[in-house]
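Secondary and tertiary structure notes
Take a look at the letters that make up each chain.
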Amino acid sequence: MVKMNSSLYNLVNKMIIKHPDRLAVQFDNGEQLSAISYTQLRNISSLVIKLLHGRESEVIGLCLYTDHRLPAILLGVLGCKAAFYNFDAKGFMYARQVLKDIGTQILLVHKSFIQVIKNQIKEEEVVYTPVSVQGLEDYFVIQFTCIARKYCKSRLAYCITTSGTTGKPKVVMVPNECIVPNILHLSKLFSVTLDDLVLGATVLTFDPSIIEIFIALSVGACVLMVPPTVKMIPDRLLDIIHVRNKVTVIQVTPTLFSRFDASKLSDTILGDKSNVRVIALGGERFPSCTWLQSMRSTGNQTCFYNLYGTTEVSCWATCYKVTDIDFRLSEEIPLGDPLQDTVLEVHDDVGNIVTEGTGTLWIGGSRRQCMTGVNEELNFDHVVVRDTGDMVRIHNNNIYYISRKDQQMKRNGRRMNLEEIKMVLKKHEYVHDVEVLLIDNQLIVFIVPSHLAVNSEMINIYMKDNLPSHWWSDVVITIANLPVTQHGKIDKKALEKIYFDRDVDGERIDITEYLESMWKELTDRSTSSTCIPETENFILAGGDSLKAVQLANVIENMYNILLPQLVDIMLHKTYSDVRKYVAMCVQQELQKGANVKSSENDQRLVTDNLNLKEGHGIDIKSGGGSSDKQGFSDENVCLTENENIAKKVQARRTDDSGDGIGNKKYADKEVKIDKELTVCSKTADSKLDYDEKFFDKVKKVSKKRKLSGEHGLSNKLSLDLNDIQFTLRRCSQCDYVYGYKADGVKHKTMITKASNVDEGKEKCTTIVAERYILTLVEVWKYDTGKCVDASPLLLVKSRGEFIVMIGSHSHRFSALYGSTGKKLWETTLPDRLESSACLSTCANFVIVGCYDGSVYILHINNGEIWWQFETGSQVKCSPVVDTQTGLVYIGSHSQTVYCLDVRGQKVVWERDLKSGSIFSSPCISNDPHHLYISTLGGKIFTLDPASGETIWEYIVTKPVFSSPTLTSQGVCVGCTDMYMYHFNFNGTLLWKYLTNGHIFSSPSYKSRTLSTRNVNCAEDNCAVSGSTKDDSIDIDQIKHTGATSGYITFGSHDKYLYCVTNDGKLVWKLQVDSAVYSSPFQCMINCNSNNFGDYFHTDDFNKFSKPHISEGQVKQNALESWYTGIPEQEFEQNQAGNEATSEKKVLTKSEFSNKDDNHQVSKNDNPCKIMSDCEMHVVVFASTSGTLYVVDVPTGVLLCKQHLDGEIFSSPVVYNNTVIVGCRNDFVYCFKISSDQSNKSDCMNK
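Residues numbered from 1 in each chain as written. Predicted model: local features only at pLDDT ≥ 70, side-chain atom pairs only at ≥ 80, totals over all residues. Heavy atoms only, no water.

Moving on: the overall build of the protein chain. Scanning the protein chain from N- to C-terminus turns up 27 helices and 65 strands. Every one of the 1246 residues in the protein chain was classed for burial, and the buried ones make up 60%. Expressed as a percentage of contacts within the protein chain between residues at least 6 apart in sequence, the contacts between residues at least 24 apart total 63%. For the protein chain, the accessible surface area stands at approximately 49,500 Å², while carbon and sulfur atoms represent 48% of it. (Helix = DSSP H or I, 4+ residues; strand = E, 2+ residues; numbered from the N terminus. Buried < 20%, exposed > 50% of the residue type's maximum accessible area, 1.4 Å probe, protein only. Contact = heavy atoms within 4.5 Å. Areas by Shrake-Rupley, 256 points an atom, 1.4 Å probe, with all protein chains shown as cover.)

What follows deals with helix α4 (residues 92-102). Looking at α4, one finds that the buried residues are F92, A95, V98, L99 and I102. Down the axis of α4, the sector holding all buried residues measures 110°, keeping them to one side. Of the residues trailing α4, G103 is marked for its positive phi of about 75°. (Arc of directions from axis to C-beta.)

A full pass over the atoms with the stated rule returns 32 aromatic pairs. Centre to centre, the rings of F1050 and Y1058 are 5.4 Å apart; their planes meet at 10°, and the pair counts as stacked. Both residues of the pair, F1050 and Y1058, count as buried. Through pairs of rings, three or more aromatic residues link up here, namely F257, F260, W291, F304 and F327. One cation-aromatic arrangement involves R296 over F327; the distance from NZ or CZ to the ring centre is 4.5 Å. (Phe/Tyr/Trp six-rings, centres within 6.5 Å; stacked < 30°, edge-to-face > 60°. Lys NZ or Arg CZ within 6 Å of the ring centre and 35° of its normal.)

Any two packed helices are characterised by the angle at which their axes cross and by the distance between the axes. With their axes 9 Å apart at the nearest point, helix α1 (residues 8-18) and helix α2 (residues 38-51) run at an angle of 135° to one another. In terms of orientation, α1 and α2 fall into the oblique class. Of the two possible hands of crossing, α1 and α2 adopt the one that is left-handed. Contacts between α1 and α2 involve Y9, V12, M15 and I16 from the first element and Y38, L41, R42 and I49 from the second. (Axes fitted to C-alpha atoms, helices over the stretch in contact; angles between N-to-C directions. Parallel < 35°, antiparallel > 145°, perpendicular 65-115°, else oblique. Left-handed = near helix turned anticlockwise from the far one by under 90°.)

This paragraph deals with the confidence of the model for the protein chain. Detailed reading of the predicted model is not advised wherever pLDDT is low. Model confidence for the protein chain is summarised by a mean pLDDT of 74, while 71% of its residues fall at 70 or above. The spread of mean pLDDT over the elements of the protein chain runs between strand β28 (residues 632-633), the lowest at 30, and strand β11 (residues 222-225), the highest at 97. Under a pLDDT of 50 for its full length, residues 503-508 has, in the predicted model, 12 contacts with residues more than four places off or in other chains. Below a pLDDT of 50 lies the segment residues 594-718, which in the model reaches 235 contacts outside its immediate sequence neighbourhood of four places, other chains included. (pLDDT = per-residue confidence, 0-100.)

Consider a sheet: its strands pair through backbone hydrogen bonds, and that pairing is either parallel or antiparallel. Strands sit in the order β57-β60-β61-β62 across an open sheet of 4 strands; the sheet is antiparallel. Of all strands in the sheet, those with a lone pairing partner are β57 (1081-1086) and β62 (1198-1203), marking the two edges. Mean inter-strand twist for the sheet, computed between neighbouring axes without regard to direction, equals 25°. Of the pairings in the sheet, the one linking strand β61 (residues 1187-1192) to β62 comprises 5 bridges and is antiparallel in character. Residue pairing in the sheet places V1190 in a bridge with C1200 of β62. (Pairing = 2+ DSSP bridges.)

In spatial order, the strands read β17-β18-β19-β20; together these 4 strands make up an open sheet with antiparallel pairing. A strand with exactly one partner marks an edge of an open sheet, and here the two such strands are β17 (343-347) and β20 (398-404). Strand-to-strand twist in this sheet, taken as the mean axis angle between neighbours without regard to direction, amounts to 45°. Direction of pairing for strand β19 (residues 384-395) relative to β20: antiparallel, over a ladder of 6 bridges.

Okay, helix α9 (residues 234-244) next. If you check which residues of α9 are buried, you get P234, R236, L237, L238, I240, I241 and H242. Tucked into the core, α9 has its buried residues touching β1 (23-28), β10 (197-200), β11, α8 (228-231), β12 (249-252) and α11 (262-265).

On to the pairing of β61, then. Along any regular strand, the residues point their side chains to alternate faces of the sheet. Across the 6 residues that make up β61, a large majority, 6, are buried. Neither face of β61 is exposed, since T1187, Y1189 and V1191 on one face and L1188, V1190 and D1192 on the opposite face are all buried. As paired strands, strand β60 (residues 1175-1182) and β61 are joined by 5 bridges and run antiparallel to one another. Following the sheet pairing, V1180 is matched in β61 by V1190. In sequence, β60 turns back onto β61 through a hairpin of 4 residues, with G1186 there showing a positive phi of about 110°. Adjacent in sequence and paired antiparallel, β61 and β62 are bridged by 5 residues, among which G1196 carries a positive phi angle near 80°.

This part covers the nonpolar core. Within the largest apolar cluster, 69 residues are counted, with the highest numbers of intra-cluster contacts made by L8, L41, I179, L186, F190 and F214. In contact with F214, other than residues within four places in its own chain, are L8, V12, L75, L78 and I183. Residues L776, L816, A1182 and L1199 belong to the second largest nonpolar core, which totals 41 residues. (Core = buried A, V, L, I, M, F, W, Y, C linked by side-chain atoms within 4.5 Å.)

Quick look at unusual backbone geometry now. The phi angle of most residues is negative, glycine excepted, and most peptide bonds adopt the trans form. The omega torsion of the bond from S314 to C315 falls at 0°, within 30 degrees of zero and hence cis. Of the consecutive residues D927 and P928, the connecting peptide bond is found in the cis state with omega at 5°. Within the secondary structure layout, P928 lies in the loop between β45 (923-925) and β46 (930-934). A positive phi angle, near 65°, is found at A843, a position not held by glycine. Within the secondary structure layout, A843 lies in the loop between β37 (838-839) and β38 (845-849). Among the residues examined, A843 registers a relative accessible area of 4% and is labelled buried. Within the chain, Q895 stands out as a residue other than glycine whose phi angle is a positive 75°. Within the secondary structure layout, Q895 lies in the loop between β42 (888-891) and β43 (896-901). A relative accessible area of 18% places Q895 in the buried class.

As a further point, take the pattern of salt bridges. With the rule as written, the count across this model stands at 21 salt bridges. Here R69 makes a salt bridge to D67, at a shortest N to O gap of 2.9 Å. Classification of D67 as buried rests on a relative accessible area of 8%. Ionic pairing is found between D138 and R69, a salt bridge with its closest N-O pair at 2.7 Å. (Salt bridge = Lys/Arg side-chain N within 4 Å of Asp/Glu carboxyl O.)

Below, the discussion takes up the packing of α1 against helix α3 (residues 70-79). Across the interface, α1 lies against α3 with an axial gap of 9 Å and an inter-helix angle of 115°. Classified by chirality, the crossing of α3 by α1 is left-handed. The residues of α3 that touch α1, namely those facing L8, Y9, V12 and I16, are L75, L78 and G79. Across the contact of α1 with α3, the residue classes tally to 6 nonpolar, 1 polar and no charged. (Nonpolar A, V, L, I, M, F, W, Y, C, P; charged D, E, K, R; others polar.)

What follows is about the environment of F327. Tracing the sequence through the fold places F327 in helix α13 (residues 324-329). For the pair formed by F327 and S294, sequence separation is 33 residues and the distance between their alpha carbons is 9.8 Å.

On to the environment of N245. Tracing the sequence through the fold places N245 in the loop between α9 and β12. Spatially, the C-alpha atom of N245 lies 9.5 Å from that of N275, the residues being 30 residues apart in sequence. One polar contact links the side chain of N245 to the main-chain carbonyl oxygen of I240, over a distance of 3.0 Å. (Polar contact = N/O pair within 3.5 Å; in protein donor to acceptor, adjacent residues only side chain to side chain.)

This next bit is on the pairing of strand β25 (residues 475-478). The alternating pattern of β25 places V475 and I477 on one face and V476 and T478 on the opposite face, and all of these are buried. As paired strands, strand β24 (residues 442-449) and β25 are joined by 4 bridges and run parallel to one another. Paired with F446 across the strands is I477, a residue of β25.

Turning next to the environment of C899. Within the element layout of this structure, C899 appears in strand β43. Spatially, the C-alpha atom of C899 lies 5.7 Å from that of V888, the residues being 11 residues apart in sequence. Among residues more than four places away in sequence, those in contact with C899 are L887, V888, Y889, K906, V907, V908, W909 and P945.

The next subject is the side chain of S920. Looking at where S920 falls in the secondary structure, it is placed in the loop between β44 (906-912) and β45. Owing to a relative accessible area of 1%, S920 belongs among the buried residues under this scheme. Within the structure, S920 has its side chain in polar contact with the side chain of S934 (distance 2.6 Å). Polar side-chain contacts of S920 include one of 3.4 Å to the backbone oxygen of S962.

Written as structure tokens, this is what we have:
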């Protein structure tokens, strides 16, 4: 029982005395952090008490700015024995009437809201006085001259207005006797202690905010205040909760919770290592347990609570703790038990008490009383209950919510329930959220899709299959998110506006208004009522590339149009440009009078029939042009060249001018060529003169090298770098220098007999498979000063030593010794570096792009700038060098690709692709000699490296961040439309593979002969039963023909790494802890030195060597299979011999050496000596959450992993069992892949 003299102020004051030095309030807006202790809380509240002296028993109007002072100001009002009424400046006209009714004369208003209020009130009605008290100088006191002063009749704590969801909004006056029991009981149920951090994200005009603040301060815990703008940006709010702070208690509405990205919850607040103990959902129907469980990781311990209450009996009335059994079995969750001093009653239509069945819920109690009128009297000696207006069902003493009374309605004379319609629709696998309204007797369904394939026809069919006919929808509208009010509840008025403003023919909303609302939601303007400035840039306003892709996808889905340039325009131009572009595209689509976007066929491997009317291939010879429609074959097979009916697109090679450049008419406008071409060669004189103008530019660039050593250092550096033989870059790219020639497609094994890198024993990963241990041992790490998103470049010397070159956000470009991580030299450029570098064929220069819009060519010996070439826009694209000519190719956000002669400091040609910025990096094939590059405008180009002319191009309609990669059959590239595309060298689409997320990762390819490997593959169709043999690779045929195949690995934002064959068949997919943004690296690692095979026994071979996978089954779990590297025939022969003996024999790798042809590499092809007696084909990749993985490529078995303290967007590069990767914690890391069994115990203990 709560004492009669208990109050909110007294609860907190006790904690101030008891815990003066503990943190009381923290504030975080995603950029700035601030905090105050309980002593400082008292000091600020004392200032407010002094400011409001003489205002006892009044109601003070508050319009506060959310920061660390907010709870202290509330406490100060309570401390002077007054009550507070929080109002929103934007709704001041309504608040003004409330203030008049309750007799409020004094307002305390933050200066940021003063102008809004001035615009809604006459100057003669109020007096504005700036607050002169130190610490509150940014506040004003506003005194009404026309409102009669009134005094509170009881111990009032605060006044609040209802949200209107339970009827017409009204003023509720809440005494301490009503709210204090709520605070104390919930604090006990949630087990809130001194160590808890409670999220305070609810606006003050919604009474759960009182619970958040005082449930923390009443026990000596800390409350984290978050501004309303952050709450409307789910990703930022999630970052504040999980990363920037360690929140333990969360109270939000189900609608607000549903706005979090489901794919991120299992890695954050619903993950195994979540700090969140309590998530209390209230204010709306509790969501589906199945949906919640799908987002929880298996080890998550977070407790969920269902809260129910009404503002008229502030704040919560019931609470139910959701159990594990509920998550497994329950479709609906009860309201729970009544909170302290609360009485629950269920009445039928005539007022009788219901104990089993349905009725209307009434709540109250003797102390749970609030006044809903200024003249109402409170009597705490009698039980008072109020009608909630909610229909409920009682079963086995549990009360279940059904719906609001006003959602029980008739349509055409037949009764229906909107809540039940919502419950049914939420069970659809592609429906993330839904709201149903009855408008003008029309049943309108608003769908928030979880998959791009959702359309109105699909929803209508589902409703007809699962609901009675009079519950079927009249209109289905797809929207990005359900609009919410300030209180986090569904904004039904906004939905009605969407319905009325939609285009009648296409059922669309006004594009300009929708674009504006989405722009605000995804940027820092989420709660701003002002217009968006025409010159505002999406990135500078708080957006990013992922949000740009999200907005583009939503608008395309809603309007069924293609907007290939939208992402690029959002990233680099203004709101005005975006609005005009979208409006133009929508208008053009309306003029066509037809919906040209066909729905995607929901299959993982899709083949394209590619005829000229339906495909995206553009015939340059016929002048280009493509259809917006895209047709696919219904057959689930890949196309061969004979079956593919697409036209083989060839470049125009007519030489009108006779200069050998190409078509003159074509080149005049788009291709600029320097006819004085100078090719870089190893015999060229490396000492060149700077012209005076260029030297002046170089002087402006700050260079910090700290080249420790004597005057003869430059000679020493030359010795360190004088015998570079080849370079390694992301996606397994290998470029040879001097006399060495790269194979172009087959990247050779890079393994030497002995490692130069010292193997440490710290930071080993835990093992994944029994008896077969790999570990990632940290050798060194180098602090670059800021985030490292660039991927490393490795310069490998003849003796196996290597140099690491990499840039970072700190503007620094560093050259590091691969064995020790010590700095060789370092150059600071004008802006940050996300571009990875490449080496010139003469090995004298390293080339890297910079955010300042320039490409920098640096001397390899010391980092001095040899040439600075300005592109006019950011350079995120990584350069590539043509090993045949020595020319360097690079793209820019200026939408232009450049061909540079770095030795001669000349631009050979430049080509404006006019198809969006170039983010991805180009690649070059030697035979045929082609340059491949893709754009954010949704096009993939193949250019002539000599002239820049287009040979063929392909439209994918969505932005391409992924870089093209060469395979034995052509080129492979991923797209944000969730497909991985594979073309042959002539531009024919061989296949495309569908994932469940955007693809930013570039594919990695490695060829391999399959004659000795028994690998089962299946298409990615987990729902298929009884698959035929056509779904898997015909291994026997490959054995007889000796055909070669290869593995293509790539990551997706669906948290999977995929491995497919040259034919687009899925080999396996591995689920990881977060999205895979960077590119994987395939390579061979040396397993011989540590005797991997010595740890395999005969029963282990029985267990692991032959994967138990039925035809058509997909290997999704790393532990489903294991690869030993032993030819199947030899293995079976040995097993037959072993069956005759009962003695357990230990089999070593030397007894069963794999004679795989791919391991036989000629010394002429590779400058390194190869150890082929025990090699393993692995892929190394990283997830964005910071985990580094090593996986066996043929089987998908996870060999080891290592988690870094920061996100990873850098792509790892592997050489000689050594992994180099950058991290957003500012470090470049070097790990050694080790099988040293002395690490086993250490690893197992971690």
